[in-house]
Amino acid sequence: MTRKIRVLIINCYLDETRRFKGRPHFIPQAVGPAYLAGAFAPQHAELKLYSELHSGPFEDEKLMSWPDMVVITGMTTAFDRMRHMSAYFRTKNPKAVMVAGGQAIRALPERSREFFDYVCIGDVEELQDVVREVFGQAYVSPAMDPRFDLINWMGFIGYVESSRNCNFKCSFCTLTGEGNKYSVYDIDHLARQIEAVGRRTCILFVDNNFYGNDRDFFHAKLDLLKTYWKKKAFGGWSALVTNDFFAKEENLRLARESGCLALFSGVESFDAEQLTRFRKKQNLILPQVQTIRNCLDNGVVFQYGVIFDTTKRSLAEIHDEIDFITRTPEIPLPAFMNLTIPILRTPYFYECLDEGLFLPNTKLRDMDGNTLVLKPKDSVEEVVQFLRDMPTLRGYKRQVAKHAVNFYRHYRKKLTIPQMISAVGNSALLCLPALAHNHGTLFKRGKKSEPRTYVTGSEPIGPLYKPLFSLPDRFQSYFEPTMVTDADGQLCDELRPDLEQNKAVPLARVSVN
Ligand code: SF4
């Protein structure tokens, strides 16, 4: 008789604001674990899923002794957290097979081999190969349908995916660094996902580029959504689209007619020079304010983020941009504002390395858009003050409040009440920072994190880098932060096999151990 195996799938996360609580209300939540769970034959595997983004740091020592296999995934900044997990599980449960995948592992496949039994650099389906090799064919699910039934953090939103990767090549984007081709799911697979998430207020597509370059598929998707929306399977849908979506007039109408409530698009900057430097030329096709106004006038909320490159732009220029945004009530305030991140393997990462822009002793965990890791044009002290003020737009409170009132007046007849709440919500969070920045810096093990410096060399690594319980000596190094640069600001030797330019390990070559 086939034994039932025990599998724990964890989405690892290190919070950029250094809070130690989960973010249950953050949108979007991580749904990778549900897709990974689809690799296991349900009748032969007992599965448990955990998200550190939703529920905070994973510290359940009892559960660490439970699984036969641990599958961990996470963004690049979560690499250290994934190493911590490996030390914990290898101590409590040496027989457990550690499988790691996701952005962090794709960025550092060679380095990862030291910490995990299986290093997956392909798509989620690669997990089927690992399961087959470790447990046998009987344990593999051929369908690979996501197991949304196992995650308890979806709430009123149902997350689905209709495509992978992107057909653009912005210089700072992880997807550009990974170089994988844009591809779409078949329409039946999408229908199965919508059925699987069940009745929800909103369906949110986690695609990086919902619009893509396959017009037939795009129209088939909207037809499918329209059918389900009319059947009241969900109250509306939202997705991330690239700027070229707005270049075709009929797209907004078709989206609205199929139940679209909101679209997120990466504006990144209102400065044309900056967009050219980011190789984000698709954002230069239409005037940005006109695009945003057009979207809102059509009854679809427009959400976006902006990123500031303090290596190339002065703080005065950046303040001018914030001033422009907060004085333009036709556009909503951004959902996030960050420093540009030199994500490993991206063209922007190599540009910064070549120009000697990295600060000495840059830690991977600090490459979060919230900590200074690159030499700025202005003084470090001035940029640190800017970083302290940025999350709450200190100095702009009156403008932000005025902006919210004028935005409401402008669009009150175009948007529904829930849409208006989501559109002006960013202003409320900026005006009432306690709502948005309840940092929870008191760690549940009773330690408070040290005050932040916002500069990578001196930024404290925080209490998560202190092991939960005593570990064998060989695992102590798992808790040292991964360094990207050395004391001279040069690429660290440990990362050279993965990242040295022209020698970077081609991702297609690396497979499971
Ligand atoms: S359009 Fe967006 S997803 Fe595509 S490469 Fe640019 S930043 Fe990445």
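Re the site of the ligand
Within the structure, the ligand sits among Cys-166, Phe-168, Cys-170, Phe-172, Cys-173, Leu-175, Thr-176, Asn-208, Thr-242, Lys-280 and Gln-282. When its residues are assigned to classes, the shell around the ligand shows six nonpolar, four polar and one charged.

Considerations on the sheet that holds strand E2 (residues 45-51)
Read from one edge to the other, the open sheet built from five strands follows the order E2-E1-E3-E4-E5, with strand pairing classed as parallel. Either end of the sheet is taken by a strand with one partner, and the two such strands are E2 and strand E5 (118-119). The sheet contact formed by strand E4 (residues 97-101) and E5 spans two bridges and is parallel. Bridge pairing in E5 links Ala-100 to Val-119.

Overview of the pattern of salt bridges
For the structure on display, the rule yields 31 salt bridges. Notably, a salt bridge pairs Glu-161 with Arg-164, separated by 4.0 Å at the nearest N-O pair. Overall, the relative accessible area of 16% leaves Glu-161 in the buried class.

As for the packing of helix H9 (residues 187-197) against helix H10 (residues 215-230)
In the contact formed by H9 and H10, the axes pass within 11 Å of each other and the chain directions differ by 30°. The angle between the axes of H9 and H10 places the two elements in the roughly parallel class. For H9 against H10, the interelement crossing comes out right-handed. The segment H9 lies against H10, with Ile-187, Leu-190, Ala-191, Ile-194 and Glu-195 engaging Phe-217, Ala-220, Lys-221, Leu-224, Leu-225 and Tyr-228. Of the residues contributing to the contact of H9 with H10, the split by class is nine nonpolar, no polar and two charged.

So, the packing of aromatic side chains
Counted under the stated rule, the structure contains 28 aromatic pairs. Ring geometry for Phe-270 against Tyr-304: centres 6.0 Å apart, planes inclined by 90°, an arrangement best described as edge-to-face. Taken as a pair, Phe-270 in the loop between strand E11 (260-264) and helix H12 (272-277) and Tyr-304 in the loop between strand E12 (301-303) and strand E13 (305-308) lie far apart in primary sequence, 34 residues in all. For Phe-270, a relative accessible area of 17% translates into the label buried. By relative accessible area, Tyr-304 is classed as buried at 0%.

A few points about the pairing of strand E3 (residues 69-74)
Most of E3 sits out of view: six of its six residues are buried. Here E3 shows no split at all, with Met-69, Val-71 and Thr-73 on one side and Val-70, Ile-72 and Gly-74 on the other all buried. Direction of pairing for strand E1 (residues 5-12) relative to E3: parallel, over a ladder of six bridges. In the sheet register, Leu-8 faces E3, and the bridge partner there is Val-70. Here E3 pairs with E4 via five bridges, running parallel. Bridge pairing in E4 links Thr-73 to Gly-101. For the segment spanning E3, helix H4 (residues 79-92) and E4, crossover handedness is right-handed.

What counts, and where the lines are drawn
Residues numbered from 1 in each chain as written. Predicted model: local features only at pLDDT ≥ 70, side-chain atom pairs only at ≥ 80, totals over all residues. Heavy atoms only, no water. Near = heavy atom within 4 Å. Nonpolar A, V, L, I, M, F, W, Y, C, P; charged D, E, K, R; others polar. Pairing = 2+ DSSP bridges. Helix = DSSP H or I, 4+ residues; strand = E, 2+ residues; numbered from the N terminus. Salt bridge = Lys/Arg side-chain N within 4 Å of Asp/Glu carboxyl O. Buried < 20%, exposed > 50% of the residue type's maximum accessible area, 1.4 Å probe, protein only. Axes fitted to C-alpha atoms, helices over the stretch in contact; angles between N-to-C directions. Parallel < 35°, antiparallel > 145°, perpendicular 65-115°, else oblique. Left-handed = near helix turned anticlockwise from the far one by under 90°. Contact = heavy atoms within 4.5 Å. Phe/Tyr/Trp six-rings, centres within 6.5 Å; stacked < 30°, edge-to-face > 60°. Right-handed = clockwise from strand over helix to strand, strands pointing away.

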